[in-house]
Number of protein chains: 2
Amino acid sequence: MSNTQKEAGTASTKATPQRSANLPLDTILQGECTEVMRGLPDASVDMIFADPPYNLQLKDQLQRPDNSQVDGVDDAWDKFDNFASYDSFTREWLAQAQRILKNTGTLWVIGTYHNIFRVGTAMQDHGFWLLNDIIWRKTNPMPNFRGTRFTNAHETLIWAAKSADQRKYTFNYNALKAMNDDLQMRSDWLIPICSGKERLKKNGKKAHATQKPEALLYRILMAASKPGDVILDPFFGSGTTGAVSKKLGRHFVGIERDEGYIAVARERIAATERLDEEALGYTISKRQAPRVPFGQLVEAGLIKTGATLYDSRRRHTARVRSDGTLVSRDMTGSIHQIGAHVQGAPACNGWTFWHVENRGDLVPLDRLREEIRAISHA
Amino acid sequence: MSNTQKEAGTASTKATPQRSANLPLDTILQGECTEVMRGLPDASVDMIFADPPYNLQLKDQLQRPDNSQVDGVDDAWDKFDNFASYDSFTREWLAQAQRILKNTGTLWVIGTYHNIFRVGTAMQDHGFWLLNDIIWRKTNPMPNFRGTRFTNAHETLIWAAKSADQRKYTFNYNALKAMNDDLQMRSDWLIPICSGKERLKKNGKKAHATQKPEALLYRILMAASKPGDVILDPFFGSGTTGAVSKKLGRHFVGIERDEGYIAVARERIAATERLDEEALGYTISKRQAPRVPFGQLVEAGLIKTGATLYDSRRRHTARVRSDGTLVSRDMTGSIHQIGAHVQGAPACNGWTFWHVENRGDLVPLDRLREEIRAISHA
DNA sequence: TGACTTCGTGAATCCAGAG
DNA sequence: CCTCTGGATTCACGAAGTC
């Protein structure tokens, strides 16, 4: 720690931020969000979760960029002025977020209709590439007491990659699918609001007005980060991001202005335990598994040269050559090429298309590949 | 019809728009959205539903795992050079929409993450007052075929009043509550996509790439318009807004550029029938229902002078005086005032707070009021 | 007829690595 | 930049065909 950012609880000095060479892990930095972010190194964090102010009472929370006070003028101008200052605030922290994020990293922002449209627009303008907007559906929202509107029963999250050409972001597709009864996870998530024992209290009152449920952060971290990753939360608040990061074996970096919230968050995180390795395990996708060429199955003797392969309905056949290529009636090539060829399809995954016969049953090549992987892993 | 806008099928002339004195009801005006809107009078429509282009930025053809092609939106009307040109397009039609809308009217816009943030920002900048964002959750969305993102399973609607000081907009709270098993309607709506018989075909192919389900428009019109109201749809497309407006006894004004879509929509609307009065009847909002003073219940004998009232947990009591005021230990006043007083609350709805005892059970005053209304209505 | 299977399709910013 | 290739990847619903 060598600059204006300071670890929670230590004294602070106001000075020009100097960029530190590396990140202080699993700590809370006290200070203004944008200012502290300026001190963090380029391309250093794997994921950012941001829960910025929702712009509900802007005058109390924000000032113009030049720190001047917003005057009481007529409503329309006043409103425009508020939006403008909120926008500049948003664009400043987004610019820092984009700089700090690794190329493979993604940004999550949560908000409501008061602010989320402005945040989304700013993200697009900065070149973030939107991947999804996610709807957090609340099982137990506060009703609309006056009967003047619909129950505001959701909040919106925006999930974005660093830029349009960054397509290699972290997304644990299969883990999320597993969490959803083996169906692709959708963009609408049903999660209760934070209440009961999870809700942090201080002197009998809620410690933070907008504490997010851990289940929400759990799903986000499971989806878009890996164990050991560094998660930045520039609006740390009561520390939900830190607590869930610790639970899931991720590192966190929190930024928070309010010393009171920091104290609450530190205590909370200290009381949180990392889940054990078994609980941390998650479904990895085939994409992450080591590549196994088909020829290796022939080499290993799992498939014999000259063996006949069939598709699942025995409508097509091909024979295996010693170099791991296939031959059909009029063509030779890879398992994929021949699979595509016999079907007249533009492409084909030979691993799932072709089968070998075993005591009358057809076994897909994919299963033999799994055996190879299990052996070489052991 | 006296200006550049023209009814569907008639000849058109390009000329400077002159504003017409009144609206051509239940017709489709052919032309560019903003240009045609310039010809419509100020403060003349009760509700606007807008389904603008989403500005999707699709690159290559997408194939399903079975190698079939996805028939994506590649229409010219969805092509914009960049965000700036989409924004100026948006701001132009929004400005007209705001001018044309009655003070009591509301605007609905639908979109996805590709465009909705820009639309929402522009609406706020124009002074529209956002009332809710509504999530249309699709029961049967298209999956993400590549396993690269979450299933994009929803679209977002923004519902807004004309300006922050327009609070007397139309909202049929009770009708919506009745549609939702007597629970307050939430901001997330589960509705299937438009398919099957409802989906309009032309030469065996879908007539419009983005036809909206009638159930969606049904709920919107039930919520935010009254029979006889005028509904404007500046992006009329296949005419879902027109068809549902006719069904529900509303008038529509459609604007559409494409003659082919107009032909489809006209035929569709001609084949649509207005629902009968019984089906049309909906719960009258309590705020619109005739006001029933508490004293009227006393007058009617439903509550006896001197009777004791209780809150639902019998923690507080008050006694009824003959003039319809209540008396607690140290104060007299209306049911609302005394309800607030005994709780130490700033305000209280006495109709739901206070109960009378009936054979040991507590019955809220609200239920007795409903009886009065039923009697006086008959 | 009925149960069962197959096929088509929907507002979609939808691949990664080697050479 | 490019091209080429391996190979990973889908849910709900309606219509039509099959047994």
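- An unreviewed UniProt entry annotates chain A as Methyltransferase originating from Iodidimonas gelatinilytica.
- If you open the UniProt record of chain A and go to Catalytic activity (unreviewed entry), you find "a 2'-deoxyadenosine in DNA + S-adenosyl-L-methionine = an N(6)-methyl-2'-deoxyadenosine in DNA + S-adenosyl-L-homocysteine + H(+)".

## Quick word on the side chain of Arg186(A)
Then, in step 1: For Arg186(A), the location among the structural elements is in the loop between helix H5 (173–179) and strand S7 (188–191).
Then, in step 2: Of the polar contacts made by the side chain of Arg186(A), one reaches the backbone oxygen of Lys138(B); its length is 2.9 Å.
Then, in step 3: Residues contacting Arg186(A), with those up to four places away along its chain left out, are Arg137(B), Lys138(B), Thr139(B), Pro141(B), Phe150(B), Thr151(B) and Ala153(B).

## Looking at the relation of the copies chain B and chain A
Each of the two copies of the chain can be brought onto the other by a rotation about an axis and a shift along it.
Then, in step 1: Once chain B has been moved 1.0 Å along the axis and rotated by 175°, it coincides with chain A to within an RMSD of 1.9 Å. The two molecules are tied by a two-fold rotation axis, judged by turn and shift. Closest approach to the rotation axis within chain B is made by the C-alpha atom of Phe117(B), at a distance of 1.3 Å.
Then, in step 2: Of the interface residues in chain B, 89% have counterparts in chain A that sit at the interface too, so the contact is made through matching surfaces.

## A few points about the packing of helix H2 (residues 83–100) of chain B against helix H3 (residues 116–125) of chain B
Residues and elements named next belong to chain B.
Then, in step 1: Contact pair H2 / H3: the axes reach a minimum separation of 10 Å and the direction vectors enclose 45°. Here H2 lies oblique to H3, going by the angle between them. With respect to the hand of their crossing, H2 and H3 are arranged in right-handed fashion. Listed contacts from H3 to Phe83, Tyr86, Asp87, Thr90, Arg91 and Leu94 of H2 are Arg118, Val119, Thr121, Ala122, Met123 and Asp125.
Then, in step 2: Across the contact of H2 with H3, the residue classes break down as six nonpolar, two polar and four charged.

## Let's talk about the environment of Thr305(B)
Residues and elements named next belong to chain B.
Then, in step 1: When you line up the elements, Thr305 lands in the loop between helix H9 (294–299) and strand S12 (308–310).
Then, in step 2: With relative accessibility at 48%, the residue Thr305 sits in the partly exposed group.
Then, in step 3: Separated by 10 residues in the primary sequence, Thr305 and Gly295 have C-alpha atoms spaced 10.0 Å apart.

## Some details on the protein's contact with DNA strand C
Residue and element names in this part refer to chain B.
Then, in step 1: Around DNA strand C, 38 residues are found, and the nearest of them are Arg64, Tyr113, Arg146, Arg199 and Lys206.
Then, in step 2: Backbone sugar and phosphate groups make up 47% of those atoms of DNA strand C lying within 4 Å of the protein.
Then, in step 3: One of the backbone N or O atoms of Asp60 is found 3.2 Å from a base nitrogen in DNA strand C.
Then, in step 4: Between DNA strand C and Asn152, the relevant distance is 3.4 Å, taken from a sugar or linking oxygen to a side-chain nitrogen or oxygen of the residue.
Then, in step 5: Looking at side-chain class alone, the surface near DNA strand C contains 17 nonpolar, eight polar and 13 charged residues.

Calculation criteria
Residues numbered from 1 in each chain as written. Chains lettered and ligands numbered in written order. Predicted model: local features only at pLDDT ≥ 70, side-chain atom pairs only at ≥ 80, totals over all residues. Heavy atoms only, no water. UniProt positions renumbered as here; feature names shortened; annotations may be inferred. Helix = DSSP H or I, 4+ residues; strand = E, 2+ residues; numbered from the N terminus. Polar contact = N/O pair within 3.5 Å; in protein donor to acceptor, adjacent residues only side chain to side chain. Contact = heavy atoms within 4.5 Å. Least-squares fit on C-alpha atoms with pLDDT ≥ 70 in both. Axes fitted to C-alpha atoms, helices over the stretch in contact; angles between N-to-C directions. Parallel < 35°, antiparallel > 145°, perpendicular 65-115°, else oblique. Left-handed = near helix turned anticlockwise from the far one by under 90°. Nonpolar A, V, L, I, M, F, W, Y, C, P; charged D, E, K, R; others polar. Buried < 20%, exposed > 50% of the residue type's maximum accessible area, 1.4 Å probe, protein only. Near = heavy atom within 4 Å.

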